[in-house]
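Here is what each chain is made of, one letter per residue.
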Amino acid sequence: MLERFERVAVFGGVYSNHLALAALLEDARRRSVDAIFCLGDLGAFGPNPDKVFPLLRAGGVSAMAGNYDQSIASDLGDCQCGYTDPRDNHYAHLSYRYTYGRTSSENRAWMRTLPAEIRFMLGRYRVLCCHGSPRRTNEFLWESTTPTHFIDKLAVAHDADVIAGTHTGIKWHRRLASDRHFVNVGVVGRPENDGRTNVWYSILDARPDFTVTFVPLDYDHESLAREMEIEELPREFVETIRTGWWSTCLEVLPAKERKKGRF
Amino acid sequence: MKAPLVKLEALDHLWFQVTGTLCNLTCHHCFISCGPTNHAFEQMTLESIRDALEASRRHGVKEYFFTGGEPFLHRQMVEILEETLEYGPATVLTNGTLFDEAGLARLARAEGRSLYSLELRISIDGFTPEQNDPIRGKGTFQRAMRGVRQAVEHGFLPLITVMRSWGEDEDHAVFEGFVDTLRSIGYARPRIKLLPPLRIGREEKRSRGYGNDEVVTEEMMVGYDAGALICGHSRVLTDRGVWVCPILIDAPDGKLGDTLEESFDAFALRHRACHTCWLNGSICSNPSSNAAGLDVAGKRASS
């Protein structure tokens, strides 16, 4: 029997942003959700990765593994984002080495226990939470490269009425035939490449019909930026936190999503 | 030695050999020796493409790719892309020398209306005429750069694809060279994709053919994510049947059937060119869908 809820908060991509995560837990509680789910990628990008784990535990968050967590937990050599551009690889490696070196062995062991997917009932809807896609942890499902008939196929093949994913860093929602849905819940680790400093998470509600609310979340981003500077993380990462524009790891963006950014 | 078999895990990428082997250029590295007089494959009709797009819904196709030859030799190429964008994301692999303003304007509008991205992939093989023209032909650097400028003026961010004709240790310098050159013609945030050489067709004579040791064996597939290979997630429609991948168009055993439904059999990696894919992963895909070999611990196909 799957657990049943009516209103849940779902987020992805913490990227070591413990300040945004703390803000999210408070915000979601205020919005009276039944449960909180994290779709993976706890580390990367931000400072002091170990600060994230006690918050997840104290907040009663049900978490699953992203590609970053699989890599860090299993001592892989990199983050599995699949960059080929040497500029992107440079930053990805810097960030991975930093995160790997500062994640305790206890937390790495805990990450090895995270499931690859989470299923629950939201009202009458069967919800499947994945990181990238239901078939591949690191598959990018961008809004502009994911046809509706392709998601239909995934939903049928994986017995889901609602598929929730993250991984790309940009939220979107598509309603499919027969009241099925795909939701990319966004990430709380870094802003969305739109020139704003807030991050995003999602509230899924089925009282009685399915709705998704994308929640903009403000947090003390300046404190995070300063902490990143103290940790000597790349200046480009810190700029993203302060400006809301992505400046690295851009090659994986499709044309439409890339055009919306500044770089 | 038995060649390893690769199953079609899902028909994610549907390719169209839309202008067959007809091209306005005669590049020395072309792995299928396209040119103005190569009629091995002819153009596809708009009707056959419409039928395939409709069928693709049933198969849950994720992305559509158009190649040749030079796709913009097809008189209805703009219309084909407009219609494709109603189904999903479209990518067209072009040499960028045949754009016209009205066509680009229509494509920009079509992408604007669509939920989906239109990717223009423009091939250029050096960031100076001295590097590019010996490979692609005299004057082609200037013509392709004009194409890039036209595309950028119409709001596109073309992906510049470059075959690696240098040592891997020079990647960074070549990358920077391309970035500077493209910025100097007004392309402020260039996107660049490097490709390995495929040592068949004319490229075999330009550099070298494959060595005897460049084969894929069954041992090499242990723990390897075969779904990352083109043949693991793609098929190519042509005017004379369905092929396994865009690279093996000249190989008679690359043809898998007359119709899409007949082409879903597993494929044996017996060609030397398969070695290049094995090493590099899904070389024909876009970076936005590049999930090559990534779910398999420590067995990355691309790095």
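Source: prediction; values computed, not measured.

Colleague: What's the story with the pattern of salt bridges in this structure? I'm lost.
Modeller: One side chain can pair with another of opposite charge once the charged atoms of both are near each other. Enumeration according to the criterion identifies 36 salt bridges over all chains in this entry. Through salt bridges that share partners, E26(A), D27(A), R30(A) and R31(A) make up one connected network.

Colleague: Any chance you could explain the environment of K259(A) here in plain terms?
Modeller: The topology assignment puts K259(A) in helix 9 (residues 255–260). Among residues more than four places away in sequence, those in contact with K259(A) are E111(B), G155(B), F156(B), L157(B) and R189(B). Only 3.4 Å separates the side chain of K259(A) from the backbone oxygen of G155(B), close enough to count as a polar contact.

Colleague: I keep staring at empty space enclosed by the protein and nothing clicks. Help me out?
Modeller: Picture a little ball the size of a water molecule; that probe, rolled over the atoms, points out where space is still empty. Residue and element names in this part refer to chain B. Counted under the stated rule, the structure contains four cavities of 30 Å³ or more. Counted as a void, the largest cavity has a volume near 650 Å³. Residue lining of the largest cavity: 32 residues in total, with H29, F31, T67, L93 and S123 positioned closest to the centre. When residues of the lining of the largest cavity are traced back to their parent elements, those giving at least two are strand 2 (13–17), strand 4 (90–94), strand 5 (118–123) and strand 6 (159–163). The leading source of residues in the lining of the largest cavity is strand 6, at three residues.

Colleague: I'm lost on the interface of chain B and chain A in this one. Help?
Modeller: Quoted interface sizes are often the accessible area lost when the parts come together. Contact residues are listed per partner, giving 45 residues for chain B and 41 residues for chain A. Interface area for chain B against chain A, summed over the two sides, is near 3,400 Å², with a carbon-plus-sulfur share of 47%. D225(B) is the salt-bridge partner of R136(A), the closest N and O atoms lying 2.6 Å from each other. Scanning the region where chain B abuts chain A turns up 22 residue pairs in polar contact (both at pLDDT 80 or more). Mapped onto the side of chain B that touches chain A, the elements with two or more residues apiece are helix 1 (46–59), strand 3 (63–67), helix 3 (101–113), strand 5 and helix 6 (171–184) of chain B.

Rules of the game
Residues numbered from 1 in each chain as written. Chains lettered and ligands numbered in written order. Predicted model: local features only at pLDDT ≥ 70, side-chain atom pairs only at ≥ 80, totals over all residues. Heavy atoms only, no water. Salt bridge = Lys/Arg side-chain N within 4 Å of Asp/Glu carboxyl O. Helix = DSSP H or I, 4+ residues; strand = E, 2+ residues; numbered from the N terminus. Contact = heavy atoms within 4.5 Å. Polar contact = N/O pair within 3.5 Å; in protein donor to acceptor, adjacent residues only side chain to side chain. 1 Å grid on protein atoms, 1.4 Å probe; cavity = no way out; pocket = protein on both sides within 12 Å on 5 of 7 lines; lining within 4 Å. Points joined across faces, edges and corners; volume = space filled by probe spheres on them. Buried area = accessible area lost by both parts, 1.4 Å probe.

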